[in-house]
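# Reading the structure
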Amino acid sequence: MMIKPHWQKIITQEQSLDYFGQLMTKINQQRALGIQVFPEPKDIFRAFEYQDLAAIKVVILGQDPYHGSVDNAPQAHGLAFSVQEGIKLPPSLVNIYKELATDIEGFVTPEHGNLTAWAKQGVLLLNTVLTVQQGQAHSHAKLGWERFTDKIIEQINLHNNGCVFILWGAHAQKKGLNIKECKHFILNSPHPSPLSAYRGFFGCQHFSKANTWLVEQDKKEISW
């Protein structure tokens, strides 16, 4: 698949800036030393391959990719919270499915964790940091990805005609401070990780609330 045109324009613009070159140099140096970096290079921008900027209906903001692997296959494949079929569900995704089961009538919990079907419907599954070192959560924080994803959020804020921002946890909520609430719909709750899910993620009903708002905007709801 190819990155959609509007996204490609933004990515190309950012790639021409010094910070992005420095970011990629650091990542390539790690790979050259034999350090495993997830996801694989072909998957780093996977979130931008399904729907272009104007067609985004929902943004779900994660923090950084899964840093684990199963039988040498990385959990991370470029979509926040998602794993390829055959990979054991991470705890945060288990909790997302639990919330969906209580929030969306008729929801059947999948036997896999691949959320590509959401992406195809216009759900941008975006991590604020797009790479991570194997086994070390947040290891690529502050390398430069935050500036890149700030630009992505800024462009959605400016050029999308209205979407739902689902911000789980303080990190995502901080990233969403400049979103225009008069234009977009913002949903905040604790993160779905086992450490915080019981503090208000369970019962947040973000999926049904997102669909209700989309229908009010004459947009097709998401089939979660």
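Below, the structure is looked at part by part. (Residues numbered from 1 in each chain as written. Predicted model: local features only at pLDDT ≥ 70, side-chain atom pairs only at ≥ 80, totals over all residues. Heavy atoms only, no water.)

### Overview of the overall build of the protein
Regarding its fold elements, the protein presents seven helices and eight strands. Counting over 224 residues, the protein shows a buried share of 52%. A sequence separation of at least 24 residues applies to 67% of the contacts in the protein between residues at least 6 apart. Taking the average location of the 21 positive side-chain charges in the protein and that of its 20 negative ones, the two points are 4 Å from each other. (Helix = DSSP H or I, 4+ residues; strand = E, 2+ residues; numbered from the N terminus. Buried < 20%, exposed > 50% of the residue type's maximum accessible area, 1.4 Å probe, protein only. Contact = heavy atoms within 4.5 Å. Lys, Arg positive; Asp, Glu negative; His and termini not counted. Charge placed at Lys NZ, Arg CZ, Asp CG, Glu CD.)

### Side note on helix H1 (residues 5-15)
At 3.6 residues per turn, the α-helix brings residues three or four places apart onto the same side. Buried residues of H1: Trp7, Ile10, Ile11 and Glu14, and no others. Across the axial projection of H1, the buried residues extend over an arc of 95°, all falling on one side. Counted as exposed and oriented over 90 degrees from the buried face of H1: Pro5 and Lys9. (Arc of directions from axis to C-beta.)

### A word on the side chain of glutamate 146
Positionally, glutamate 146 belongs in helix H5 (residues 145-159). Although glutamate 146 is buried, it makes no salt bridge; lysine 142 carries the closest opposite charge, 5.7 Å away. Once residues lying within four places of it in the same chain are set aside, the contact partners of glutamate 146 are Thr128, Val129, Ala141 and Lys175. (Salt bridge = Lys/Arg side-chain N within 4 Å of Asp/Glu carboxyl O.)

### Quick notes on the pairing of strand E2 (residues 58-62)
On a regular strand, each side chain points to the face opposite its neighbour's, so the side chains alternate between the two faces of the sheet. Burial within E2 is extensive, with five of its five residues counted as buried. Relative to strand E7 (residues 164-168), E2 is paired through four bridges, and the arrangement is parallel. Considered in E7, the bridge of isoleucine 60 is made with isoleucine 166. (Pairing = 2+ DSSP bridges.)

### So, the pattern of salt bridges
Scanning the model with the defined rule gives five salt bridges in all. Close ionic contact of lysine 42 with glutamate 40 constitutes a salt bridge, the shortest N to O distance being 3.7 Å. Residue lysine 42 is classed as exposed on the basis of its relative accessible area of 57%. You can call glutamate 40 partly exposed: its relative accessible area is 36%. With a closest N to O distance of 2.7 Å, aspartate 43 and arginine 46 form a salt bridge. What you see here is one network of salt bridges that share partners, running through Glu40, Lys42, Asp43 and Arg46.

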